[in-house]
Protein chains: 2
Amino acid sequence: MPHGRFSTSLCSPKIDVVIDMGNPFLNRTVDGFLKIGAVGACKVAAEETFECLHRGDVSKHKLEHALKKMCKEGAYWGTVAGVYVGMVYGVERVRGRSDWKNAMIGGALSGALISGASNNHKDKIIKDAITAGAVATAVEFINYLT
Amino acid sequence: MPHGRFSTSLCSPKIDVVIDMGNPFLNRTVDGFLKIGAVGACKVAAEETFECLHRGDVSKHKLEHALKKMCKEGAYWGTVAGVYVGMVYGVERVRGRSDWKNAMIGGALSGALISGASNNHKDKIIKDAITAGAVATAVEFINYLT
């Protein structure tokens, strides 16, 4: 696998807001929140732009609606990412190792936490945890391939 | 960001089926299909095991159903991953650079392709492409953070 490519691509993202909270755990969580929140907001912006172009009408009301949706979805994506990044960091510190199992455990814990925050069904929380763990593991494997 | 950790985690996954198709594009696609397909199948296995333990009954019929679902979902996850990994590789070769935009473009193209294969609504295909591109970008950013 090409090791060298990681270091080149690490320099690439232009969005780089660095906020030092004085704690690596908090730093990562806030970083994840801001970056992925921005991606979520951009996604909504792209969707709404497409919608406007498609229907051909732009009104002040629509713009306000789009902005609200951007903030809402950006905050949601950011929260999910912040929780996940924080969890993976925590699991890494507890396990003392850095491998794909961190992503699996971190994903499962985040899935359970986020699911538990929005509903109280025990079964649903466990199923969401399994799904989130599997998705996180899949994403971790895809990293090695791309 | 800790560069060193990438090289340690690269050695970790125990599942390592290497099939040489004689072409890096095909190699990556097949690798993605097999690895993520396995993750998808494991996810269904975990879900079904939880279901069985929860209800407390295991029958031959249920086992057959679970196996079928594992194959079906594994194939779906594998196909999505294979298409994505192949797309990212193709975009990387065409652009000649390796950064997060590859993930965005590859994600959007894969989303459009997979959505186009399952439905014919032009609007839905574009929206799916936007969503897939955003998710791929988010995942790429999360890589740098974990």
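Residues numbered from 1 in each chain as written. Chains lettered and ligands numbered in written order. Predicted model: local features only at pLDDT ≥ 70, side-chain atom pairs only at ≥ 80, totals over all residues. Heavy atoms only, no water.

**Thoughts on the domain arrangement of chain A**
Note: interface size is frequently given as the accessible area lost on complex formation between the parts. Residue and element names in this part refer to chain A. For chain A, the assigned domains are domain 1 (23-86) and domain 2 (99-146). Contacts between the two partners involve four residues from domain 1 and, on the opposite side, seven residues from domain 2. Between domain 1 and domain 2, the buried area comes to about 400 Å², and carbon and sulfur atoms account for 74% of it. Taken as a group, V80, V83 and Y84 account for 91% of the area that domain 1 buries against domain 2, more than any other trio of residues on that side. Between the two partners, domain 1 and domain 2, sit zero salt bridges. (Domains from an automatic or database assignment. Contact = heavy atoms within 4.5 Å. Buried area = accessible area lost by both parts, 1.4 Å probe. Salt bridge = Lys/Arg side-chain N within 4 Å of Asp/Glu carboxyl O.)

**Structural notes on the packing of helix α5 (residues 122-145) of chain A against helix α3 (residues 60-95) of chain B**
Look at α5 of chain A against α3 of chain B: their axes get within 11 Å of each other, and the N-to-C directions meet at 30°. One finds that α5 of chain A runs roughly parallel with respect to α3 of chain B. Crossing geometry of α5 of chain A relative to α3 of chain B is assigned as right-handed. Contact residues: α5 of chain A offers A134, V135, A138, I142 and L145 of chain A, while α3 of chain B offers W77, A81, Y84 and V85 of chain B. For the contact of α5 of chain A with α3 of chain B, the residue count by class is nine nonpolar, no polar and no charged. (Axes fitted to C-alpha atoms, helices over the stretch in contact; angles between N-to-C directions. Helix = DSSP H or I, 4+ residues; strand = E, 2+ residues; numbered from the N terminus. Parallel < 35°, antiparallel > 145°, perpendicular 65-115°, else oblique. Left-handed = near helix turned anticlockwise from the far one by under 90°. Nonpolar A, V, L, I, M, F, W, Y, C, P; charged D, E, K, R; others polar.)

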